[in-house]
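What follows is the residue order along each chain.
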Amino acid sequence: AVRGRRRRSCRCVPSSRTPHVMSAICAAPAATCASLHAIRASSQKDGASAAAARRVATPLRARPNVASSRGARLAANVSTPAKKSAASAADIDWDALGFGLTETAFMCRATCDVDGEWTTGQLEPYGDLSLSPAAAVLNYGQGIFEGMKAYRTVDGAVAVFRPDQNAKRFAEGAGRMSMPPVPEDVFVDAVKKTISANRDFIPPEGKGSLYLRPLLIGTGPILGLGPAPSYDFLVYCSPVASYFKGGQLTPIDLVVEETYHRAAPGGTGSTKCVGNYSPVLKVQLKAKKEGFSDVIYLDAVNNKYIEEVSSCNFFAVKGKTIATPALGGSILPGITRKSVIELAKKKGYVVEERNVSVEEVLDADECFCTGTAVVVVPVGSVTHRGEKKVFKGGKVGEVGQSLYDELTGIQAGKLEAPEGWLVNVPEGFHDAK
């Protein structure tokens, strides 16, 4: 489909080795494909024509369906990472669910030119994307994403958690990355359509959630450094359970990193841009080989204040005071972080957003992390320069447990939610639109 419209295609994929390789669908429209075939046929007699065939441009916004794209990859002898695929929700063992990709039925897509307006999101079968090698997201990292969840509640409804907050952060991130912001109504509509169309993939209450991944990427081709000429906004999803091994509320062991930094003042640390996350893998993988769950990063200026863990925000508890690193442009303003701060204040805790030193962390009564993926996870230990501080005997702390219970109780509909925190997604919402 190009801009939501189907195009006529032949049913073969031209190959640089042979005139025809049969597959499910061709990557070129019929007219272009016919030209390609003619050139490739003559290339058997004239080797120069093969080079000409390779120079024929094909549209790059087409999205083959899942089966078709797999066939094309096999024809090209290109390997792809393995992923868990579910033909239907009935194939999923909810008791064995972890935090990995399970393909669902549909995703939602909207498009926009650099100076244009966003289209309304349209559902399409979940599948691979086709991009120009010159796409801005591939060459210059012009892309952002979000993480959010939908839940089955105890009364049998389906709700998504604080989508307006994700929409706001998404728009701020788009501005930082010189991309056209997605309006809140377009964002929330696409999220709700994706949830509704994949309703069967939402785990039963208490078994997990439907993790949603909104993406905004510069798909238009560009050679020189500059904003992409066009953009795609997509939302896909996957049923998930606990992020860390061992299950939810299993305490994690963290190590303080002093050589590498996640972000710096004036950078993009407060934005969920695509380039922020791969750099942490070098340190994270090393830490995991040494037996740690993840890494705590320090500030890039003084190298002494806690910033955040690779994928979540950090909190330290001392008595009735909860301290968490202040947002200063290098820390992600987590939606779960914000929610936990609001809940903690209502419970009577003093919440301080400020610099938190490593020494203060090692002296804390209890520590925990928050994030959409991890929810609220207790910190069992923090290791700094070989010194290991164990919290609560390596068990769940009272404060973290209390905040986890209240947050998940709200998300499951067991406790009354503050206004706007749970947005209902009616059954058949995507059909009504």
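An account of the accompanying structure is given in this report. (Residues numbered from 1 in each chain as written. Predicted model: local features only at pLDDT ≥ 70, side-chain atom pairs only at ≥ 80, totals over all residues. Heavy atoms only, no water.)

The helix and strand inventory of the protein chain stands at eleven helices and 21 strands. Scored against the burial criterion, the 433 residues of the protein chain give a buried share of 49%. Long-range pairs, those at least 24 residues apart, make up 69% of the contacts in the protein chain with a sequence separation of at least 6. Of the accessible surface of the protein chain, which amounts to about 20,000 Å², a share of 52% is contributed by carbon and sulfur atoms. (Helix = DSSP H or I, 4+ residues; strand = E, 2+ residues; numbered from the N terminus. Buried < 20%, exposed > 50% of the residue type's maximum accessible area, 1.4 Å probe, protein only. Contact = heavy atoms within 4.5 Å. Areas by Shrake-Rupley, 256 points an atom, 1.4 Å probe, with all protein chains shown as cover.)

Here Ser-178, not a glycine, exhibits a phi torsion of approximately 60°, which is positive. Position of Ser-178 among the secondary structure elements: in the loop between α5 (163-176) and α6 (184-197). One non-glycine residue with positive phi stands out, namely Leu-249, at about 70°. In this fold, Leu-249 is placed in the loop between β11 (230-240) and β12 (252-257).

This part covers the side chain of Gln-411. Here Gln-411 lies in helix α10 (residues 398-411). Once residues lying within four places of it in the same chain are set aside, the contact partners of Gln-411 are Tyr-151, Thr-153, Phe-161 and Leu-422.

Moving on to the pairing of strand β5 (residues 106-113). The buried count for β5 comes to six of eight residues, which makes it a mostly enclosed element. As paired elements, β5 and β11 share six bridges and run antiparallel to each other. Counted as the bridge partner of Asp-113 is Ser-230 from β11. (Pairing = 2+ DSSP bridges.)

For the structure on display, the rule yields 17 salt bridges. We note a salt bridge from Glu-124 to Arg-109, for which the minimum N-O separation is 3.2 Å. Residue Glu-124 is located in strand β6 (residues 122-125), and its partner Arg-109 is located in strand β5; the two are separated by 15 residues in the primary sequence. Here Glu-124 matches Arg-109 in class, with each residue buried. Residue Lys-286 is joined to Glu-290 by a salt bridge in which the shortest nitrogen-to-oxygen separation is 2.8 Å. (Salt bridge = Lys/Arg side-chain N within 4 Å of Asp/Glu carboxyl O.)

To continue, consider α6. An α-helical turn contains 3.6 residues, so a residue and the one three or four places further along point in the same direction. Here α6 is 14 residues long and its end C-alpha atoms lie 20 Å apart, about the 20 Å a rise of 1.5 Å per residue gives. Of all 14 residues making up α6, twelve are buried, and the element is well covered by its neighbours. (Expected span 1.5 Å × (residues − 1).)

What follows deals with the nonpolar core. Grouped together as the largest cluster of nonpolar side chains are 40 residues, with contacts concentrated most on Phe-187, Ile-195, Leu-212, Leu-216 and Phe-233. Counting only elements with at least two residues in this core, the list comes to β5, β8 (148-152), β9 (158-161), α5, α6, β10 (209-218) and β11. Here the element with the most residues in this core is α6; it accounts for six residues. Once residues lying within four places of it in the same chain are set aside, the contact partners of Leu-216 are Trp-118, Gln-142, Gly-143, Ile-144, Phe-170, Ala-174, Met-179, Pro-180, Val-182, Tyr-231, Asp-232 and Phe-233. Leu-254, Val-256, Ile-296 and Val-379 belong to the second largest nonpolar core, which has 24 residues in total. (Core = buried A, V, L, I, M, F, W, Y, C linked by side-chain atoms within 4.5 Å.)

Okay, the packing of aromatic side chains next. Tallied over the entire structure, the rule returns eleven aromatic pairs. Measuring from ring centre to ring centre gives 5.8 Å for Phe-187 and Phe-233, while their planes differ by 20°; the resulting arrangement is stacked. Residue Phe-187 is located in helix α6, and its partner Phe-233 is located in strand β11; the two are separated by 46 residues in the primary sequence. Residue Phe-187 is classed as buried on the basis of its relative accessible area of 0%. For the cation-ring pair, Arg-262 lies above Tyr-277, with the distance from its terminal atom to the ring centre recorded as 6.0 Å. Just above the ring of Tyr-349 sits the side chain of Lys-320; from NZ or CZ to the centre is 4.0 Å. (Phe/Tyr/Trp six-rings, centres within 6.5 Å; stacked < 30°, edge-to-face > 60°. Lys NZ or Arg CZ within 6 Å of the ring centre and 35° of its normal.)

This next bit is on α10. For α10, built from 14 residues, the straight-helix expectation of 20 Å at 1.5 Å per residue is met to within 8% by its first-to-last C-alpha distance of 20 Å. Burial in α10 covers these residues: Val-399, Gly-400, Leu-403, Tyr-404, Leu-407, Gly-409, Ile-410 and Gln-411. Phi for Gly-413, located one or two positions after α10, is positive at around 80°.

Counted under the stated rule, the structure contains zero disulfides. Cysteine Cys-312 shares no disulfide, and the gap to the nearest cysteine sulfur, in Cys-369, comes to 4.2 Å. We classify Cys-312 as buried; its relative accessible area is 3%. (Disulfide = S-S within 2.5 Å.)

Closest axis-to-axis distance for the helix α8 (residues 335-346)/α10 pair is 10 Å, and the angle between their directions is 110°. The angle between α8 and α10 falls in the class roughly perpendicular. As α8 runs across α10, the sense of the crossing is right-handed. Of the residues in α10, those touching α8 at Thr-336, Ser-339, Val-340, Leu-343 and Ala-344 are Leu-403, Glu-406, Leu-407 and Ile-410. Tallied by class, the residues present in the contact of α8 with α10 amount to six nonpolar, two polar and one charged. (Axes fitted to C-alpha atoms, helices over the stretch in contact; angles between N-to-C directions. Parallel < 35°, antiparallel > 145°, perpendicular 65-115°, else oblique. Left-handed = near helix turned anticlockwise from the far one by under 90°. Nonpolar A, V, L, I, M, F, W, Y, C, P; charged D, E, K, R; others polar.)

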